[in-house]
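Results of the structural survey
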Amino acid sequence: MKLAGTATRFRGLILGAAALGALLATSAVTTASAEALRDNWCKGVKIRFFVGGAEGDAFGTIVYNGAKQAAADTGADVEYVFSGWQLEKMVQQLREAIASAPAGIAMMGHPGPAAIMPLAEQAAAAGIKMEYQNVDVPDVRAKFGGGYVGANLDPQGRALGEQAIKQFGLKAGDTALIIADWSQENRVIREGATAKAFEDAGLKVVKLNSTPEMAGDPNLAIPVISAGLLANPEAKLIAYPGGQMLGNAPVYMQTVGKKPGEIANIGFDTSPQIVSAFKDGWVQLTSDQQPFLQGYIPILSLCGQIVYGLGPLNVDTGAGFVTPDNYKAVADLATEGLR
């Protein structure tokens, strides 16, 4: 009996020690997990971020706000670059950014692979991480790395065209105007896909030429759009290449004496101006590519690569369509410069 009692007490001591050990181990894991959660975990990491447009630009402002939020959330030291959508200026600013040797660069892909490729090679040789937003450069990324944050341009453009055909009951023989910078092959993938969707349905597509400067000041497009409408008075629709010009649709329509809804105005993005145009009946359809994410995620991705050795992020930010039936869902956020 005495031996049995001793054995029982011994087993009790072992079980108690095991329980205490498990408790201490759990506590250690919990403590380690807590220590792994860092505030300002990207603090001190220098990043150059390309906003694309000029300060105050309707689309660029949303991108900028997303990037500012990411910098606040991660603690990254971000310097913002404004280019006014001018491609040569972007390329020169990228040269300057690489020369300043930041840890990472978030670059708009608008200049295209031929212009960006040699600079991406320089960045890779210098150990600078790259991320691209808004316009993809897959050939550059395949060779020198980096992720892409933005809409998948070809499917997004085609989907807009197909939705417009369905929403407005367009049929073969109807005329649609599409304004874009058709000289920039890498920049008009999306608009070209919209044109192809219309052409496949038998529509007559008239291409109007825009310039990068029109994104900064959409009033510069008034003569082009006015001439296009006067030459094609039967036009049922105009498609615009970005939120800046789509938000200015009321001005274009009033210039040629059109009433709200007389011509369908469609395009991409949301903004306070576009929400107002929906409310007043001037805009009927837009494809939302969530530019806030195009600001936020590139910085998050660069921080993850630089601080934690993670792979670059690739995110399709396309989010579907905004129409007169649902625009109120994003109206308040658009007014705040977040959608």
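Please refer to the structure higher up on the page.
Residues numbered from 1 in each chain as written. Predicted model: local features only at pLDDT ≥ 70, side-chain atom pairs only at ≥ 80, totals over all residues. Heavy atoms only, no water.

1. Here's the deal with unusual backbone geometry
Notably, Asn40 is not glycine yet its phi reads approximately 50 degrees, a positive angle. With respect to the secondary-structure elements, Asn40 resides in the loop between helix H1 (2–36) and strand E1 (46–50). For Asn40, a relative accessible area of 41% translates into the label partly exposed. Of note, the phi angle at Ala101 is positive, near 55 degrees, even though the residue is not glycine. Take Ala101: it is sitting in the loop between helix H3 (87–99) and strand E3 (104–108). (Helix = DSSP H or I, 4+ residues; strand = E, 2+ residues; numbered from the N terminus. Buried < 20%, exposed > 50% of the residue type's maximum accessible area, 1.4 Å probe, protein only.)

2. A few points about the packing of H3 against helix H4 (residues 113–125)
With their axes 10 Å apart at the nearest point, H3 and H4 run at an angle of 5 degrees to one another. Here H3 is positioned roughly parallel relative to H4, judged by the angle of their axes. In this structure, H3 contributes Val91, Leu94, Arg95 and Ile98 to the contact, and H4 contributes Ala115, Leu119, Gln122 and Ala123. Split into classes, the residues belonging to the contact of H3 with H4 amount to six nonpolar, one polar and one charged. (Axes fitted to C-alpha atoms, helices over the stretch in contact; angles between N-to-C directions. Parallel < 35°, antiparallel > 145°, perpendicular 65-115°, else oblique. Contact = heavy atoms within 4.5 Å. Nonpolar A, V, L, I, M, F, W, Y, C, P; charged D, E, K, R; others polar.)

3. Details of helix H12 (residues 272–279)
Restricting attention to buried positions, one finds in H12 the residues Ile274, Val275, Ala277 and Phe278. Axial view of H12: buried residues confined to an arc of 160 degrees, hence all on one face. Taken together, the buried residues of H12 touch helix H10 (243–246), helix H11 (249–255), strand E9 (264–268), strand E10 (285–287), strand E12 (321–322) and helix H14 (328–335). Two residues or fewer after H12 comes Gly281, characterised by a positive phi angle close to 90 degrees. (Arc of directions from axis to C-beta.)

4. Focus: helix H7 (residues 189–200)
Look at H7: 16 Å from first C-alpha to last across 12 residues, which is about the 16 Å you get at 1.5 Å a residue. Every buried residue of H7 is listed here: Arg190, Glu191, Ala193, Thr194, Ala195, Ala197 and Phe198. Elements that come into contact with the buried residues of H7 comprise helix H6 (153–168), strand E6 (175–180), strand E7 (204–209), strand E8 (237–239) and E9. Gly202 sits one or two residues past H7 and shows a positive phi near 90 degrees. (Expected span 1.5 Å × (residues − 1).)

5. A word on the packing of aromatic side chains
Each pair of aromatic rings is reported with the distance of its centres and the angle of its planes. All told, the structure shown has eight aromatic pairs when counted by the stated rule. When the centroid spacing of 5.1 Å and the interplanar angle of 10 degrees are considered together, the rings of Trp41 and Tyr308 count as stacked. Placement of Trp41 in the loop between H1 and E1 and of Tyr308 in helix H13 (residues 291–308) is noted, with a sequence separation of 267 residues between them. Looking at Tyr308, the relative accessible area reads 39%, which means it is partly exposed. On the numbers, 5.7 Å between centres and 20 degrees between planes, the contact of Tyr240 with Tyr252 is stacked. Of this pair, Tyr240 sits in the loop between E8 and H10 while Tyr252 sits in helix H11; the two residues are 12 residues apart in sequence, bridging distant segments of the chain. Pair check on accessibility: Tyr240 and Tyr252 agree, each one buried. In textbook terms, an aromatic cluster arises when at least three aromatic residues are bridged by ring pairs, as seen for Phe49, Tyr64, Tyr80 and Phe82. Above the face of the Phe268 ring, Arg190 is positioned so that its terminal group lies 3.8 Å from the ring centre. The ring of Trp182 carries Lys207 above its face, with NZ or CZ at 4.5 Å from the centroid. (Phe/Tyr/Trp six-rings, centres within 6.5 Å; stacked < 30°, edge-to-face > 60°. Lys NZ or Arg CZ within 6 Å of the ring centre and 35° of its normal.)

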